[in-house]
Amino acid sequence: MKSLLKEAAKPAVAGLGSERRRRRRRFSPLMLVGIAVPLVLALTGGALYLAPRLTGSHAAAPANTDCTLIVPFHPLTARGLATPYQLVATDPARGPCHEANPDQAAFVQAAVIDPATGRIAIYNPLVVDRGQKPALVPVVPQLPAGGIVALWFGFNGENLTLRSSGGDSLAEGHCVNGIRGSLFGQFAYCNAPAFFAAANQAIRAGKLKPPPLGRARDGLPCPSVRDFALVDQDQSDNVTTAYLVTRDGRTAQMTRHAIAVLQHAQPQVNGSDNRLLALGLDGALGCTPWMAPDLADPGQMTTALPLNELQAAVWQRAPVALVPNGDPMVTVAGHPNLAKLNAYRAGVDQPQVRDQVFASTTLYCANLLAIAPLRLLVDASLTKTRPSPDPAAANSLFTFLAQRFITTFEADGLNCTRLLHVPDPVQVQRTPQGVAIAATINGEVINTPLDCNVNGTLVVGCNGTATINGQTCSLMSDRRTHQIVVTCPANTRQ
C-alpha cells in the first residue's frame, strides 16, 4: 500500500486546483451543537433554538468559500500547536476570509498519544485572521516525551487549502490536503497515519481500550461514525473543535478561563458529523461519547475526531460504513479516484483498497437504505423534541436528520436513487422559507424481521407502538439480532 499512498501524500500547497463539489449539506455554523414493508411516519418537529449570530463587521463579510490556512513552524511540537494558524483568502480577488465569519471559519484539532502508556490527549490549536492577534494567548500544551502528534482540519466553507508558513511546515508535519491537483475540500490532516499506527499498536498491546459504544434508549447499539444509521455522503469529515469569537472579531480557544474572561464572546463551531454524533445524537439516545483530556483546559475532557474513528474501528458491527468511492471529497472532476480515496482513508484510519469495487458506492447506498430510514423511524420519539443543529434547515433533530438523509440519497449527494433504481424513502415538508418541519418515511426497509401485514401501512407514534390496519402493534428491539421487530395481533397478518 505504500506505493498507493506515495503520490497521494504529497503536501498540498497554495494554488492547488480546487473543485466545486455537487453537495452542500453542512450544519449551519449557528449550531452549538428481506421484507419490503411500506413505512409511513409524519411527525412535526419540536423545540427550536437559535444560537446568536455574531454582530461584528466580520460576520457580514463576503462569503468567499475558498480559504487558506497557513500552518505554523514545527506544527507537531508544543510551540507549534500553540502558535495560531492564520486564515487568508486563497484568491483575494474573490474577497477576504475571516475566522469570525461562520461561513468561512476553519478549525484545527490535534491529538497526541504516548506510545509508552497508550494514553491520548486532545489539543485544539487556534485559528486567527492573518496578521491578527488572538483574543487570548493560546495555552502551550504539555506533551509527553516521545508522544506522537497528529492534526485534523475542518472548514465551514467549500475548499480549504493548507499553506506552509515558511521553510516547509507542511512537509515537516506530513500534511495531506488531497492529491496533487485536487483538494479534499473541507478536510485535511497532518501525521494522522503515524498517530493511528501508534494507537492501534497500543490497542493490540492492551494499553489503550476504546470504550464500548453502549446501548441506546431505543435498545439498539449506540451509533458510531461508521454506523449507516449516522453516516452521510461524506462521512468522517470535519472536527469537534470550538472557538470563542469576540465582538471585534478576534478568536480564542474554548476554555473555562477564556469563557470567564471574554464574557461577551460567542462560540464558533465546525459543522461536522463528529459533532452531530457527540453532541446531538448521543444526547438524544442516552449515549456517551468517548472523551480524552483537553490539554488547552487542564482538568477538562473533550471529544475528538480520532477518538470517534478509533472507537468505531473496534466496536462498530457489520455492516461497517467506510468512505465510498463516490464521496465528493474523494472524486476528481466527479469521477472516482483510487489514490485520492486511499489518501483520505489514511487520514481517518480506514482500510486501503486496491480496487474500486471494494469501495462501492452502490453497496454503500444499499446499506444506507437498509439501515438509516428504520433507525430514523424508531428514534423519532427521541429526536423530534431535540433542537435542530441547523434551525435554518430544520426545526428539530428529527427533521434535520431526515433532510440530511435526502441530501445524501438523492442526485445532489451520492445519487443512490439512480444507483439502486429506487425512489427516496424519505420526504420532508418545508415552510416557504425552506425549513423542514415534518418528515415522512415511505419506502422499503430491507432484511428487517417485521411480523405483520407486509402490504399494510405502518404509522409509528411517539410511544413505541405501531398502528397497522387499525390494530395496535408493539415496536421492540431484538437484543440478540440487534434489529427492530414489530409484533402485531394475529388478525392483522396475512
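Reading the values: rules and limits
Residues numbered from 1 in each chain as written. Predicted model: local features only at pLDDT ≥ 70, side-chain atom pairs only at ≥ 80, totals over all residues. Heavy atoms only, no water. Pairing = 2+ DSSP bridges. Helix = DSSP H or I, 4+ residues; strand = E, 2+ residues; numbered from the N terminus. Contact = heavy atoms within 4.5 Å. Axes fitted to C-alpha atoms, helices over the stretch in contact; angles between N-to-C directions. Salt bridge = Lys/Arg side-chain N within 4 Å of Asp/Glu carboxyl O. Buried < 20%, exposed > 50% of the residue type's maximum accessible area, 1.4 Å probe, protein only. 1 Å grid on protein atoms, 1.4 Å probe; cavity = no way out; pocket = protein on both sides within 12 Å on 5 of 7 lines; lining within 4 Å. Points joined across faces, edges and corners; volume = space filled by probe spheres on them. Nonpolar A, V, L, I, M, F, W, Y, C, P; charged D, E, K, R; others polar. pLDDT = per-residue confidence, 0-100. Phe/Tyr/Trp six-rings, centres within 6.5 Å; stacked < 30°, edge-to-face > 60°. Disulfide = S-S within 2.5 Å. Parallel < 35°, antiparallel > 145°, perpendicular 65-115°, else oblique. Left-handed = near helix turned anticlockwise from the far one by under 90°. Core = buried A, V, L, I, M, F, W, Y, C linked by side-chain atoms within 4.5 Å.

## Digging into the sheet that holds strand E10 (residues 175–176)
Moving on, step 1. Reading across the sheet, the five strands line up as E6-E5-E8-E13-E10 and stay open at both edges, with antiparallel pairing between neighbours. The sheet is open, and its two borders are formed by strand E6 (120–123) and E10, each paired with just one other strand.
Moving on, step 2. Taken strand by strand, helix H8 (residues 338–347) contacts strand E8 (148–155), E10 and strand E13 (188–190), and its axis lies near 60 degrees from that of E13.

## Let's talk about the pattern of salt bridges
Moving on, step 1. Using the criterion set out here, one finds eight salt bridges in the structure.
Moving on, step 2. Residue Arg-375 pairs with Asp-218 through a salt bridge whose shortest N-O separation is 2.8 Å. Taken together, the residues Arg-375 in helix H9 (residues 361–378) and Asp-218 in the loop between helix H4 (192–204) and strand E14 (242–245) connect sequence positions 157 residues apart. Exposure class is identical for Arg-375 and Asp-218. Each is buried.
Moving on, step 3. For Asp-297, the salt bridge is made with Arg-256, and the minimal N-O distance between the two is 3.1 Å. Of this pair, Asp-297 sits in the loop between strand E17 (292–293) and strand E18 (301–302) while Arg-256 sits in helix H5 (residues 256–261), and the two are 41 residues apart along the sequence.
Moving on, step 4. A single network of salt bridges, built from pairs that share partners, joins Asp-218, Arg-375 and Asp-379.

## Description of the sheet that holds strand E3 (residues 66–71)
Within a sheet, adjacent strands bond to each other through the backbone by hydrogen bonds, running parallel or antiparallel.
Moving on, step 1. One open sheet holds the four strands; their spatial order is E7-E4-E3-E9, and the pairing between them is mixed. What marks the edges here is a single partner per strand, and that holds for strand E7 (127–129) and strand E9 (159–164). Here the average twist between neighbouring strands, direction ignored, is 35 degrees.
Moving on, step 2. As paired strands, E3 and strand E4 (residues 85–89) are joined by four bridges and run antiparallel to one another. In the sheet register, Leu-69 faces E4, and the bridge partner there is Leu-87.

## Regarding the pairing of E4
Moving on, step 1. With four of five residues buried, E4 lies mostly within the body of the structure.
Moving on, step 2. Sheet analysis places E4 next to E7, joined by three bridges and oriented parallel. Looking across to E7, one finds that Gln-86 is bridged to Val-128.

## So, empty space enclosed by the protein
Moving on, step 1. Approximately 220 Å³ is the volume attributed to the largest cavity.
Moving on, step 2. The wall of the largest cavity is formed by 19 residues, among which Ala-229, Leu-230, Ala-372, Leu-376 and Leu-401 lie closest to the centre.
Moving on, step 3. Only helix H6 (273–285), H9 and helix H11 (397–409) provide two or more residues apiece to the lining of the largest cavity.
Moving on, step 4. Among the elements that take part in the lining of the largest cavity, H9 stands out by supplying five residues, more than any other.
Moving on, step 5. For the lining of the largest cavity, the residue count by class is 13 nonpolar, two polar and four charged.

## Remarks on the confidence of the model for the protein
Moving on, step 1. The predicted model of the protein averages 82 in pLDDT, with 77% of residues at 70 or higher.
Moving on, step 2. Per-residue pLDDT stays below 50 along residues 1–61; that stretch engages in 220 contacts with residues further than four places along the chain or on separate chains.
Moving on, step 3. In the model, residues 477–484 has pLDDT below 50 throughout and makes 25 contacts with residues more than four positions away in sequence or in other chains.

## Let's talk about the packing of aromatic side chains
Moving on, step 1. Overall, the coordinates contain 12 aromatic pairs when judged by the stated rule.
Moving on, step 2. Between Phe-228 and Tyr-364, the aromatic rings sit 5.1 Å apart at their centres with planes inclined by 70 degrees, giving edge-to-face as the arrangement. Here Tyr-364 lies in helix H9 and Phe-228 lies in the loop between H4 and E14, a separation of 136 residues in the sequence. Residues Phe-228 and Tyr-364 agree in their burial class; the two are buried.
Moving on, step 3. Counting every residue linked through ring pairs, the aromatic cluster contains Phe-184, Phe-187, Tyr-189 and Tyr-344.

## Remarks on the state of the cysteines
Moving on, step 1. Counting across every chain of the model gives four disulfides.
Moving on, step 2. Between the sulfur atoms of Cys-222 and its disulfide mate Cys-287 the distance is 2.0 Å. With the S-S bond torsion at -90 degrees, the cross-link from Cys-222 to Cys-287 turns out left-handed. In this pair, Cys-222 sits in the loop between H4 and E14 while Cys-287 sits in the loop between H6 and E17, placing the two residues 65 residues apart along the sequence. The two residues Cys-222 and Cys-287 agree in class, both being buried.
Moving on, step 3. Each sulfur of the disulfide joining Cys-365 and Cys-416 lies 2.0 Å from the other. On the S-S bond that ties Cys-365 to Cys-416, the torsion sits near -70 degrees, and the link is left-handed. Of this pair, Cys-365 sits in helix H9 while Cys-416 sits in helix H12 (residues 416–420), placing them 51 residues apart in sequence. The two residues Cys-365 and Cys-416 agree in class, both being buried.
Moving on, step 4. The connectivity of the disulfide-linked cysteines in the protein, indexed sequentially, is 1-2, 3-4, 5-6, 7-8.

## Describing the packing of H4 against helix H7 (residues 305–315)
Moving on, step 1. Look at H4 against H7: their axes get within 12 Å of each other, and the N-to-C directions meet at 45 degrees. Taken together, the axes of H4 and H7 lie oblique to each other. Between H4 and H7 lies a crossing of right-handed hand. Residues Phe-195, Phe-196, Ala-199, Asn-200 and Ile-203 of H4 form the contact with H7, whose participating residues are Pro-306, Glu-309, Leu-310 and Val-314.

## A closer look at the nonpolar core
Moving on, step 1. Counting residues in hydrophobic clusters, the biggest one holds 69 residues, and the most contacted among them are Leu-69, Trp-152 and Phe-153.
Moving on, step 2. Ranked by the residues each element gives to this core, the list is headed by strand E5 (residues 106–113), at seven residues.
Moving on, step 3. Counting residues in hydrophobic clusters, the runner-up holds 42 residues, among them Leu-276, Ala-312, Phe-398 and Ala-439.

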